[in-house]
Amino acid sequence: MGISALQLSSYVAFAVFVIVVAAKWRKWASMPLHLRWELYPVPHEAGKHHYGGSYLEEVDWWKKPRHTTLAGELKDMLAEMLFIKRVYVYKRPLWWLTYPFHAGIYLILVWFALLVVHGILNVYVSIPALDSIVKVLIQITGTIGIIAATLGCLGLLFRRLSDSAMKKYSSGVEYFNLLFILVVLLTGIAVWMNDTSFENAMAYMTALVSFGSVEAPQLSQLAQFHVVLMALLWMYIPFTKMSHFVGKYFTFHKVLWEDEPNLRGSKLEAKVREAVRQRMPWSAPHLKKGKTWLENAAEVE
C-alpha cells in the first residue's frame, strides 16, 4: 500500500483550493472601508425591515440603542444562497438555467462531504447503521447533483451563445469556464454509467482519508482521467471569478448591509478618517490625482 500519484494529485488539488481561498478571504477582509451606501431595507433591522425602514428615520437616532436580528439576516442569506433569490426576482428566464446548475453543484459538494464521512466510518469509527444512511444519501445527492449541474451548465452555455445581450458582455474565459466544468461533468457521467452505485468513488475516498493505510481501488482509465480533470478544476476555481462565493460574504455584510452608525470616537470613525487620507491614483474633472479624498473634497465649490 501507499499513496499513488493519482491520490497525491487529489491531496494537492484540495490543499491548493483551501490555501488560495483562505488567502483571498484574508486579502479582502483587510481591504479599506468600502463606500457607505446606506440603502434600505437591511434584513438585520429588527421591526423595520418589513416596510423598508431604518433606524435613521428616528429622531435623535444616535442617542438610542439599535435593535438588530440575526434571524432576519440568516433568512435573507439562505434565500440567496440556496435559491438564488435575486436572479429569480429580477431575471427569471436566466434563473431556470442557473438554479439547476448551482443546486447541482451544491449537491455534488454535499456528495463529496458524504464520501468523506463514509471513508471516516470505514477507517476510523465503525457505525454500520449510520454508514447505511450515508450510502443512501450518496446515491441521491450524487445522482441528482450531476444530472442537474450538467443540464444547467448546458443551458447556461447555450444561453451565452444564443442571447445577443449576454454575448456582448461574455468574455472568452467565461465560455472556457463553462466548457471546463461541462467536460468534468460529462466525464463524471460516463464514469457513473459504469458505477451507478458509486462504489469506486466511495472506495477511492476511503483510501484518501486513510492516508495510505487502505489500498485504493483499481480505476479505469476514464475514471483516472476524470479524477485528474476534477483535481485541475479544484485548483483552477480559486484563481477565477468562479470563486465569487468568497466575495458574496463581503458584498452583503461589508457593502450592502453595512449600516453601523458612524459615531464620534468609534472604531468606524477611525476607519473613515484613515480612508479619506488615501491619495487618489486617478483623476477626473472634479478630482485631482495625487491629492487625498479629504483635500479633493475641500476644493469642491
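Owing to the predicted nature of the structure, the values given are computational and were not obtained by experimental measurement.

### A look at the pattern of salt bridges
Okay, so step 1: Summed over the entire model, instances satisfying the criterion amount to 15 salt bridges.
Okay, so step 2: Arg-86 is paired through a salt bridge with Asp-76; the nearest N and O atoms lie 3.4 Å apart. Taken together, the residues Arg-86 in helix α3 (residues 85–90) and Asp-76 in helix α2 (residues 70–83) connect sequence positions 10 residues apart.
Okay, so step 3: For Asp-76, a relative accessible area of 10% translates into the label buried.
Okay, so step 4: Two residues, Lys-248 and Glu-80, come together in a salt bridge whose shortest N-O distance is 3.3 Å. Here Lys-248 is found in helix α10 (residues 244–256), whereas its partner Glu-80 is found in helix α2, with 168 residues between them in sequence.

### A few points about the UniProt feature "transmembrane region" (unreviewed entry) in the protein chain
Okay, so step 1: Mapped onto the present numbering, the UniProt feature "transmembrane region" (unreviewed entry) falls on residues 6–25, 94–121, 133–154, 175–193 and 222–239.
Okay, so step 2: Along residues 6–25 the backbone is 100% helical and 0% strand, and the end-to-end C-alpha distance reaches 29 Å.

### A look at unusual backbone geometry
Okay, so step 1: For Asp-60, which is not a glycine, the phi torsion comes out positive at approximately 55 degrees.
Okay, so step 2: Tracing the sequence through the fold places Asp-60 in the loop between α1 (5–29) and α2.
Okay, so step 3: The exposure class assigned to Asp-60 is partly exposed, which follows from its relative accessible area of 31%.
Okay, so step 4: The phi angle at Phe-211 is positive, at roughly 55 degrees, despite the residue not being glycine.

### Topic: helix α7 (residues 172–193)
Okay, so step 1: Taking 1.5 Å per residue, 22 residues should reach 32 Å; α7 reaches 32 Å between its end C-alpha atoms and fits that length.
Okay, so step 2: Looking only at α7, the buried set comprises Glu-174, Tyr-175, Asn-177, Leu-178, Phe-180, Ile-181, Leu-182, Val-184, Leu-185, Thr-187, Gly-188 and Trp-192.
Okay, so step 3: Where α7 is buried, its residues meet α4 (92–123), α5 (128–162), α6 (164–168) and α9 (221–236).

Cut-offs applied
- Residues numbered from 1 in each chain as written.
- Predicted model: local features only at pLDDT ≥ 70, side-chain atom pairs only at ≥ 80, totals over all residues.
- Heavy atoms only, no water.
- Salt bridge = Lys/Arg side-chain N within 4 Å of Asp/Glu carboxyl O.
- Helix = DSSP H or I, 4+ residues; strand = E, 2+ residues; numbered from the N terminus.
- Buried < 20%, exposed > 50% of the residue type's maximum accessible area, 1.4 Å probe, protein only.
- UniProt positions renumbered as here; feature names shortened; annotations may be inferred.
- Expected span 1.5 Å × (residues − 1).
- Contact = heavy atoms within 4.5 Å.

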